[in-house]
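# Chain and residue survey
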Amino acid sequence: MRRADEAPSTGSVVERITAEVGAWICSAPLRGLVARFGGTWPDGDLTELLRFLDDFSAAHWDFRGGRERPDAREPDLDSGTVELVHAAAAALGLVRPVPPARPAYAHLVVLGGLAHACLRRVAYAAHLLNGGLGVTGEVAVLGSFRPLSDREHRMLAEAGVPGCVTEVDALDAAVRLAFGVNTPAVEDGVDAGHPHHSWSSRTYLPAGLPPVRVLAAPSSEPHRRRAHTADTQRFWAGHVRLAPDDAVLLVTAPIYVPFQHCDALRTLAVPYGCGIDTVGVDPGLVDLDRLPEPTLSPGRYLQEIRSAIRSMRALHHELTTG
């Protein structure tokens, strides 16, 4: 499940997305993983299957325990299980990058992440645009005020991008580097004295390309947490006045495509009626060689299969109760 050409605003589209979720959830690779980790596939409808898989993956595939992704532990798996996990991840769409399905979009959205991902995803977006991908609206680079770790500071220094403090700083530096811009044409935002309440927006105008906006949103639950991807997507959609006929391309990493695609369907396609395609950065591009992707372990793949399950459960709930 990687794209939605139409908004889920009619029964037929809701049914199609539900069928796609069901096909992913009930696929042989996922069934095989559940069996490998001692689970028994239950009877029941899609709602019950999603509940079971959410609970099962929490017990067997959650290696973060509330920590950031780089701090997740790696499970000790035998060679047969490792092979099965890699095969399942590939079959479920977490490994191989695919090109954009359309020649042009209304908007291109780059999702933030760890520092290396910020540089890689922005560079890939610039690669797509310079390669002829059409964008009639804007490029939106979405991040947060999450402080960078010491590990991220070292990585940025090695890549020649010093001086960043937060994720959105890394994204802003990546835009300046990849698009050859120095000064934003428009700046806006609110410094509320706390990153959970603050927001910022910087728009650059690279020559011959669409505007590039770097955006950090406030949290929808500032007393509990920082802004997450859904907060920033909704905040951006309100700023850009997303329309029902808009086609939006999201850029992330291949391992995150299933879960972030479903999150975008829930936060953008359902309320705004737009179309969503989601693609992962192609690591084979020569211009990304200086920004190596960290090794993706079996534990990482299992963790993000769990993320996809949780995202699909939230999307299904939205479609059936919203």
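Given the structure is predicted, the values throughout are model-derived calculations rather than measurements.

## A few points about empty space enclosed by the protein
Considering all chains together, one arrives at one cavity of 30 Å³ or more under this definition. The calculated volume of the largest cavity comes to roughly 40 Å³. Forming the boundary of the largest cavity are Ser144, Phe145, Arg146, Pro195, His196, Ala217, Arg226 and Ala227. Each residue belonging to the lining of the largest cavity can be placed in one class, and the counts come to four nonpolar, two polar and two charged.

## Topic: the pairing of strand S10 (residues 275-280)
Within S10, six of the six residues are buried, which leaves it mostly tucked inside the rest of the structure. Alternating positions in S10 separate into two faces, Gly275, Asp277 and Val279 on one and Ile276, Thr278 and Gly280 on the other, with burial throughout. Note: strand S9 (residues 247-252) against S10, six bridges, orientation parallel. Within S10, the position partnered with Thr252 by the bridge is Gly280. Regarding topology, helix H9 (residues 257-272) serves as the crossover connection from S9 to the parallel S10, and that connection is right-handed.

## With respect to the packing of aromatic side chains
Taken as a whole and judged by the stated rule, the model has six aromatic pairs. Ring centres of Trp199 and Phe235 lie 5.3 Å apart, and the angle between their planes is 65°; on these two criteria the pair is classed as edge-to-face. With Trp199 in strand S7 (residues 199-204) and Phe235 in helix H8 (residues 229-240), this pair connects stretches of sequence that are 36 residues apart. Site record: aromatic cluster; members linked through ring pairs are Phe37, Trp41, Phe52, Phe56 and Trp61.

## Some details on the side chain of Arg306
As for its placement among the helices and strands, Arg306 is situated in helix H10 (residues 298-321). Every residue in contact with Arg306, bar those within four places of it in the chain, is listed here: Asp54, Ser57, Ala58, Trp61 and Asp62.

## Brief notes about unusual backbone geometry
With a phi close to 60°, Arg241 is a non-glycine residue in the positive phi region. Relative to the assigned elements, Arg241 resides in the loop between H8 and S9. Classification of Arg241 by relative accessible area gives exposed; the value is 73%.

## Some points on the packing of helix H3 (residues 46-60) against H10
Here H3 crosses H10 at 150°, and the two axes come no closer than 9 Å. Overall, the two elements H3 and H10 adopt an arrangement that is roughly antiparallel. Considering the relative orientation of H3 and H10, their crossing is left-handed. Seen from H3, the contacting residues are Leu46, Thr47, Leu50, Arg51, Leu53, Asp54, Ser57 and Ala58; seen from H10, they are Arg306, Ile309, Arg310, Met312, Arg313 and His316. For the contact of H3 with H10, the class distribution of residues is six nonpolar, three polar and five charged.

## Describing the pairing of strand S3 (residues 107-111)
Side-chain direction in a regular strand flips from residue to residue, so the side chains alternate between the two faces of the sheet. With respect to burial, S3 is a largely interior element, five of its five residues being buried. Sheet analysis places S3 next to S9, joined by four bridges and oriented parallel. In the sheet register, Leu108 faces S9, and the bridge partner there is Leu249. By the bridge criterion, four bridges tie S3 to strand S5 (residues 139-143) in an arrangement that is parallel. By the bridge assignment, Val109 is partnered in S5 with Ala140.

## Concerning the side chain of Glu304
Within the secondary structure layout, Glu304 lies in helix H10. With sequence-adjacent residues up to four places away left out, Glu304 is seen in contact with Arg69, Leu94, Ile255, Tyr256 and Phe259.

## Some points on the pattern of salt bridges
Side-chain pairs of opposite charge can arise where the charged atoms are in close proximity. Overall, the coordinates contain 18 salt bridges when judged by the stated rule. Residues participating in the shared-partner salt-bridge network are Asp54, Arg306, Arg310 and Arg313.

## As for the nonpolar core
One broad trend across soluble globular proteins is that nonpolar side chains are buried collectively. Ranked by internal contacts, the top residues of the largest apolar core, which has 53 residues, are Trp24, Ile25, Leu30, Trp61, Trp236, Ile276 and Ile305. Among the elements that take part in this core, H10 stands out by supplying eight residues, more than any other. Not counting residues within four places of it along the chain, the set of residues in contact with Trp236 comprises His107, Val109, Glu138, Ala140, Leu142, Arg213, Leu215, Leu242, Val248 and Leu268. The next biggest cluster of nonpolar side chains, apart from the first, holds 39 residues, and it includes Ala115, Val122, Ala159 and Cys164.

About the thresholds
Residues numbered from 1 in each chain as written. Predicted model: local features only at pLDDT ≥ 70, side-chain atom pairs only at ≥ 80, totals over all residues. Heavy atoms only, no water. 1 Å grid on protein atoms, 1.4 Å probe; cavity = no way out; pocket = protein on both sides within 12 Å on 5 of 7 lines; lining within 4 Å. Points joined across faces, edges and corners; volume = space filled by probe spheres on them. Nonpolar A, V, L, I, M, F, W, Y, C, P; charged D, E, K, R; others polar. Buried < 20%, exposed > 50% of the residue type's maximum accessible area, 1.4 Å probe, protein only. Helix = DSSP H or I, 4+ residues; strand = E, 2+ residues; numbered from the N terminus. Pairing = 2+ DSSP bridges. Right-handed = clockwise from strand over helix to strand, strands pointing away. Phe/Tyr/Trp six-rings, centres within 6.5 Å; stacked < 30°, edge-to-face > 60°. Contact = heavy atoms within 4.5 Å. Axes fitted to C-alpha atoms, helices over the stretch in contact; angles between N-to-C directions. Parallel < 35°, antiparallel > 145°, perpendicular 65-115°, else oblique. Left-handed = near helix turned anticlockwise from the far one by under 90°. Salt bridge = Lys/Arg side-chain N within 4 Å of Asp/Glu carboxyl O. Core = buried A, V, L, I, M, F, W, Y, C linked by side-chain atoms within 4.5 Å.

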